[in-house]
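# Descriptive structure summary
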Amino acid sequence: MKKYVLHETFPSKETHIDFRSHLNDQQYEVVTKAEGPCLVLAGAGSGKTRTLIYRLAYLLERGVPPRNILLMTFTNKAAHEMRDRTEMLLKYKPKGLWSGTFHHVGNKSLRMYAEAVGYKKDFTILDEHDSQDLIKACMKGIEKVKGERFPKPSVVRSIISLSVNTKKSIQDILDEKYPYFWQFSDEIEKIKDIYQKKKKTSNSMDYDDLLSKWKELLETIPQARKRFTEQFKYILVDEYQDTNFLQADIIDILAEHHKNVLVVGDDAQAIYSFRGARVDNILKIPDRFRDVKIFKLETNYRSTPEVLDLANDSLKNNEKQFHKELKAVNDYLEKPALVEVKDLYSQASFVAQRVLEMREEGLELKDIAVLFRAHYQAAELEMELVKRGIPYIVRGGIRFFEQAHIKDVLSFLRIIVNPTDEISWMRALTLCPGIGPGYASRIYESFRKGGSNLKAFLTKDTPEGVPPKARSGYSRFYKIMKRLVGEAASGSPGDIINLIMEEGYHTHLLANYENAKDRVDDIRELVNFSHDYKAVQDFLNDVTLRENFRGETVLGANEDDEQLVLSTIHQAKGLEWDAVIIIGLCEGQFPHPKAMKEESEIEEERRLFYVASTRAKKYLYLMHPATRYDYQMGLVVARRSRFLEELNSNLYEVWAVEGESSFSEDEDSAEEIISLE
DNA sequence: TTCCAGACGTTTTTT
DNA sequence: ACGTCTGGAA
């Protein structure tokens, strides 16, 4: 028989995209001349994404095979957007491109060489909650944990994580960020040790491992290093200012052979130091790569001059900052509004009403965003929006895949894929009536003693460790697993989930939850989502690594519906809207009280304010509620955020809002009064 | 050991 | 308002 191989569509030699006409001079320079190590310092709204997309298209047009290009972005959304827009530009699908978040690419690389770092390739990825559970288990035997305020599992987790991401010792992390726990460094060190071992025996990696083991792989396995460094002829990295030590090291290694690394970033938008990101990475690029070419994109195409002036004025208060003035090219329109409201409720009413008005004026809901420092700030607003029937989506709410019922269902799948996944065993077993943590761990122990062989284990319908009163509960688990093992080879993830539902989980939901119907619907959504996957393994990876949120589009049928966007500022990075409303701009909320110990933290909060304001294309509303709710003291007076106070007052217009129950006396003020009906 | 109820202390930001 | 911890009953 003759083998016939279809080739990937390679572009013709001649350039059919007119790059020149789509880009300005600075962008064009980057797109066509970025060979060797390059740094692009790109201000907010300067067409950074656009430049990267065109660079990618340019490379592909020049005949660089997609598999030789590595594109690392900060979010999956960004990666998708870049791929989509590049495809539109090229009019074909580049196959085999490596693109995604650092964690994604790390995962992909590690699956190829798992054995080399002591893992099996079916390893499970632990999300933050799983990792916390495992740490909790590791803390069981440690003395002092019971004693006077030992940090909780979640805190221990973040201490360990920070130490991994910053390459610092536990002691250093404690000294810097948790001085009140200094006496526990030995214990935490010990927990970290046990945790690492437990992860290995259960064949699972947490988010940090996807970076640190990836780096370890590149450092210790020469053939892996050779393969990847030779493969990636071009490396493009977005949002470089938010990379941490590990990530920067990984890029250094990957780029060592071809040295074609293009990193893009803006030091003024560095907002992730809390998880170990170092602005220094971008500032010290010249030390990392000799002969690095530096490009600057300093024209802002997004915002009006008024919006940009305000943002720039705020940034002036930061000491540690490269000085850079962004120039706006858009026409003057109107000053940002500083809106004074008396409390959270009038803030919510104002936002809702103003949103409707803007809609009347011709904006669509999806062109408007409400931004906040922390998600709890959106609670009152959400209620108001529901009341008025304004459709919205929340980005940054509870993660869809982290909800209990979703994780319950997934735990069965995870056991099938990786039978040593202790966390999932515990989860699945404790779902059964009569089985709690005690019996569950005994059952798991007996499974391990039997050689961790799933098929063998399921030949007995009552293994050791199952007392009579847990029998009927266990039979439920047994029945499901028995069927899954038979089905797993042939069944799609969706079929398996349906099977779990049939075998009792549906009943379990009905029996245990008030809102069982919503939860059942969620599972249906999960099944829908899973249709894109043939392999259970791939499905699970994406579920854990993908950032999907409650109400977000993958899960909602109403993708094209018009909806208002509610988002944390962190989640809003890289996005833009015609109108942006920033709520909760008062002391005690923004800057966040927990981020005010050091000047550098305040500066990061200020950059956060900068990021928020520069999301606006045309209209910017800064909301100041005069009172806020403190969980200890109740209702307290809230002064304007320092980020407002320090602004030149010519740069905004003050709006005083009068609510229905307002007793405002100063009617004589010259300020505009907007009444809420 | 499990399970339920009531108390408590707690709230940043994310892969 | 939400998960986590505690105590007592089954």
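Read on for a plain summary of the structure.

### Brief notes about the packing of helix α8 (residues 170–177) against helix α9 (residues 185–201)
- Between α8 and α9, the shortest axis-to-axis distance is 9 Å and the interhelical angle comes to 130°. The pairing of α8 with α9 is recorded here as oblique in orientation. In terms of crossing hand, the pair formed by α8 and α9 is right-handed. Contacts between α8 and α9 involve Ile-170, Gln-171 and Leu-174 from the first element and Ser-185, Ile-188, Glu-189 and Lys-192 from the second.
- Taken together, the residues that form the contact of α8 with α9 break down as three nonpolar, two polar and two charged.

### Concerning the pattern of salt bridges
- Per the stated rule, a full pass over the model turns up 49 salt bridges.
- One salt bridge in this structure joins Asp-130 and Arg-414, with 3.3 Å as the shortest N-O distance. With Asp-130 in helix α6 (residues 128–139) and Arg-414 in helix α18 (residues 404–417), this residue pair connects regions lying 284 residues apart in the sequence.
- Its relative accessible area of 9% is what places Arg-414 among the buried residues.

### Quick look at the environment of Ile-480
- Tracing the sequence through the fold places Ile-480 in helix α22 (residues 471–488).
- By relative accessible area, which is 3% here, Ile-480 ends up buried.
- Remark: the alpha-carbon pair of Ile-480 and Glu-256, spanning 224 residues in sequence, is separated by 50 Å.
- Excluding anything up to four places from it in sequence, Ile-480 contacts Phe-412, Ile-500 and Glu-503.

### Thoughts on the sheet that holds strand β6 (residues 234–237)
- The parallel open sheet is built from six strands, whose spatial order is β3-β2-β6-β7-β1-β8. The sheet terminates laterally at β3 (98–100) and β8 (293–297), the two strands that pair on one side only. Looking at each pair of strands side by side, their axes are set apart by 10° on average, direction ignored.
- Pairing analysis gives four bridges linking strand β1 (residues 38–42) to strand β7 (residues 261–265), with the strands arranged parallel. Directly across from Val-40, in β7, lies its bridge partner Val-264.

### Re the packing of aromatic side chains
- Summed over all chains, the structure comprises 33 aromatic pairs.
- On the basis of an interplanar angle of 50° and a centroid distance of 5.4 Å, the ring pair of Phe-401 and Phe-529 is categorised as tilted. Remark: Phe-529 occurs in helix α24 (residues 516–530) and Phe-401 occurs in the loop between β13 (392–395) and α18; sequence separation between them is 128 residues. With respect to class, Phe-401 is no different from Phe-529; both count as buried.
- Ring plane angle 50° and centroid distance 6.2 Å describe the contact between Phe-529 and Phe-539, whose orientation is recorded as tilted. With a gap of 10 residues between them, Phe-529 in helix α24 and Phe-539 in helix α25 (residues 536–545) connect regions that are remote in the sequence.
- Each residue in the set Phe-412, Trp-425, Tyr-444, Phe-447, Phe-457, Tyr-474, Phe-477 and Tyr-478 is aromatic and connected to the rest through ring pairs, giving one cluster.
- Here the basic side chain of Arg-278 rests over the ring of Phe-245, its NZ or CZ set 3.9 Å away from the ring centre.

### A look at the protein's contact with DNA strand B
- Neighbouring DNA strand B are 27 residues; Glu-128, Arg-373, Gly-434, Arg-442 and Tyr-631 lie closest to it.
- Backbone sugar and phosphate groups make up 57% of those atoms of DNA strand B lying within 4 Å of the protein.
- Within the side chain of Thr-101, an N or O atom sits 3.5 Å from a sugar or linking oxygen of DNA strand B.
- His-592 is positioned such that a nitrogen or oxygen atom in its side chain is 3.3 Å from a sugar or linking oxygen of DNA strand B.
- The dominant element in the surface near DNA strand B, judged by the number of residues it contributes, is helix α20 (residues 437–449), at four residues.
- The class makeup of the residues in the surface near DNA strand B is nine nonpolar, 10 polar and eight charged.

Criteria and thresholds
Residues numbered from 1 in each chain as written. Chains lettered and ligands numbered in written order. Predicted model: local features only at pLDDT ≥ 70, side-chain atom pairs only at ≥ 80, totals over all residues. Heavy atoms only, no water. Axes fitted to C-alpha atoms, helices over the stretch in contact; angles between N-to-C directions. Helix = DSSP H or I, 4+ residues; strand = E, 2+ residues; numbered from the N terminus. Parallel < 35°, antiparallel > 145°, perpendicular 65-115°, else oblique. Left-handed = near helix turned anticlockwise from the far one by under 90°. Contact = heavy atoms within 4.5 Å. Nonpolar A, V, L, I, M, F, W, Y, C, P; charged D, E, K, R; others polar. Salt bridge = Lys/Arg side-chain N within 4 Å of Asp/Glu carboxyl O. Buried < 20%, exposed > 50% of the residue type's maximum accessible area, 1.4 Å probe, protein only. Pairing = 2+ DSSP bridges. Phe/Tyr/Trp six-rings, centres within 6.5 Å; stacked < 30°, edge-to-face > 60°. Lys NZ or Arg CZ within 6 Å of the ring centre and 35° of its normal. Near = heavy atom within 4 Å. Polar contact = N/O pair within 3.5 Å; in protein donor to acceptor, adjacent residues only side chain to side chain.

Function cannot be read off these values alone, since they describe shape.
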